[in-house]
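Residue-level listing of the chains:
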Amino acid sequence: MTAPPASWGSEILPIPIALTDLFHIQQRKITMKFETQCLHAGYSPKNGEPRVQPIVQSTTYTYDSAESIGKLFDLQEAGFFYTRLANPTTNAAEEKLAALEGGVAALCTASGQAATFYALMNLVESGDHFISTTNIYGGTYNLFAHTFRKMGVEVTFVNQDDNLDELRKAIRPNTKAVFGETISNPTLRVLDIEKFAALAQAANAPLIIDNTFATPYFCRPFKYGANIVVHSTSKYLDGHAVALGGAIIDGGNFNWEQEKFRQFSQPDITYHGLVYTRTFGKAAYAVKARVQLMRDLGATPAPQNSFLLNLGMETLPLRMKQHYANAQAVAE
Ligand SMILES: Cc1ncc(COP(=O)(O)O)c(C=O)c1O
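Predicted model only: the values in this text are computed from it and were never measured.

Engineer: I tried to follow the site of the ligand on my own but got confused; where do I start?
Structural biologist: Residues in contact with the ligand amount to 13 residues; listed here are only the nearest, Asn185, Asp210, Ser232, Ser234 and Lys235. Between the ligand and the protein, one listed contact pairs an oxygen atom with a backbone N or O atom of Gly112 at 2.9 Å. Asp210 places a side-chain nitrogen or oxygen 2.6 Å from a nitrogen atom of the ligand.

What follows is the structure in structure tokens.
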């Protein structure tokens, strides 16, 4: 694994584990400016190496022995072993997204729909409940109101303009998440993220924010109390309408070590008893999403699409500045 570049600064985030580099979990706070992160975060070529993260169009990776690949499969060693779980081109995009949002780790998915689905599936099981605002993308509404319901997971939709006392009435003992969009599609309503963070805290559940429309250029939801950010990267992050994609970014700021979320703090038999909180600390949520959901459900982005996403994100600040100016002109 390559070490984070020196320019990322030296302040170590408290991830008390040996395997932090396994899935490129951010161990250092980024000191580059946002615009510079858009260009350079996630990939730091050494002398003579390609300027741009190449497209690693490979399903598999070679190893000298069955023993070494066995250790990779059991998450005992760091390295790429199968592109469904991790790929260098996609990892570069993930590290960049984690840096831009100020999270500890990210997971890219084949579409925004897959990102939202995984973000919740990583928390809920049949019999659970979550809360969502009504002002959400239609595809997300269908996923919540119909597909999750078929799987035995119930959603309560709330009016995002209600006050906190009213919103709290939606909380149940089995509420596992609260969901909203920073700027809603298609109604363009701006969410009071802090109010919803307070609702999530009252429910003792993480706040998931779909930050697709704002992008981290205009809003970084972790600053306002969100715990997980999702994106349809198909929109402004890609910026050229060429690659469908999604992403989940883990804020590393929720306490998973509690009975309500025991799937993070109790042994996972499918990884020989691995305990996510113990092994991956603050990035337990992101790593579990990758190694369970990507392994079992497989909505992996193509390396080619990750390359296009990386390229698109390079110009994010320039494009968002122009969108802002256009919107201002129309409003005036
Ligand atoms: C806010 C928002 N979230 C999620 C999605 C779903 O993303 P995708 O189309 O990449 O699956 C969309 C798509 O329009 C969206 O606008």
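Engineer: Teacher, can you tell me more about the sheet that holds strand 1 (residues 105-109) here?
Structural biologist: Hydrogen bonds between backbone groups are what pair the strands of a sheet, and the pairing can be parallel or antiparallel. Strand order across the open sheet formed by 7 strands is 1-7-6-5-4-2-3, with mixed pairing between neighbours. A strand with exactly one partner marks an edge of an open sheet, and here the two such strands are strand 1 and strand 3 (154-158). On average, adjacent strands in this sheet sit at an angle of 20° to one another, irrespective of strand direction. Sheet topology places strand 6 (residues 228-232) next to strand 7 (residues 246-250); 5 bridges connect them, and they run antiparallel.

Engineer: Is there a simple way to think about the packing of aromatic side chains in this case?
Structural biologist: Two aromatic rings, taken as a pair, are described by how far apart their centres are and by the angle between their planes. Considering all chains together, one arrives at 19 aromatic pairs under this definition. Here Phe144 and Phe179 contribute two aromatic rings whose centre-to-centre distance is 4.9 Å and whose plane-to-plane angle is 90°, an arrangement assigned as edge-to-face. A residue pair is termed long-range when its members are at least 10 positions apart, and Phe144 in helix 5 (residues 138-150) and Phe179 in strand 4 (residues 175-181) qualify at 35 residues. Residue Phe144 shares its accessibility class with Phe179, and that shared class is buried. Look at Phe218 and Tyr324: their rings are 5.9 Å apart centre to centre, the planes differ by 35°, and that puts the pair in the tilted class. Of the two residues, Phe218 is situated in helix 8 (residues 215-218) and Tyr324 in helix 13 (residues 316-331); the sequence distance between them amounts to 106 residues. Taking the relative accessible area as the measure of exposure, Tyr324 reaches 51% and is therefore exposed. Of the aromatic side chains, those joined through ring pairs into one cluster are Phe117, Tyr118, Phe130, Phe144, Phe148 and Phe179. Lying across the ring of Phe261, Lys176 places its NZ or CZ 5.8 Å from the centre. The aromatic ring of Phe264 is capped on one face by Lys288, whose charged end is 5.1 Å from the ring centroid.

Engineer: Whenever I open this one, the pattern of salt bridges confuses me. Can you help?
Structural biologist: Proximity of charged atoms lets side chains of opposite charge pair with each other. Inspection of the entire model under this criterion finds 10 salt bridges. In this structure, Arg172 and Glu154 form a salt bridge, with 3.7 Å as the shortest nitrogen-oxygen distance. Residue Arg172 is found in the loop between helix 6 (164-168) and strand 4, and its partner Glu154 is found in strand 3; the two are separated by 18 residues along the sequence. On the basis of relative accessible area, Glu154 is assigned to the partly exposed category, the value being 38%. For Glu166, the salt bridge is made with Lys169, and the minimal N-O distance between the two is 3.0 Å. For Lys169, a relative accessible area of 62% corresponds to the exposed category. If you follow the salt bridges from partner to partner, you end up with Glu67, Lys71 and Glu77 in one network.

The rules behind the values
Residues numbered from 1 in each chain as written. Predicted model: local features only at pLDDT ≥ 70, side-chain atom pairs only at ≥ 80, totals over all residues. Heavy atoms only, no water. Near = heavy atom within 4 Å. Polar contact = N/O pair within 3.5 Å; in protein donor to acceptor, adjacent residues only side chain to side chain. Pairing = 2+ DSSP bridges. Helix = DSSP H or I, 4+ residues; strand = E, 2+ residues; numbered from the N terminus. Axes fitted to C-alpha atoms, helices over the stretch in contact; angles between N-to-C directions. Phe/Tyr/Trp six-rings, centres within 6.5 Å; stacked < 30°, edge-to-face > 60°. Buried < 20%, exposed > 50% of the residue type's maximum accessible area, 1.4 Å probe, protein only. Lys NZ or Arg CZ within 6 Å of the ring centre and 35° of its normal. Salt bridge = Lys/Arg side-chain N within 4 Å of Asp/Glu carboxyl O.

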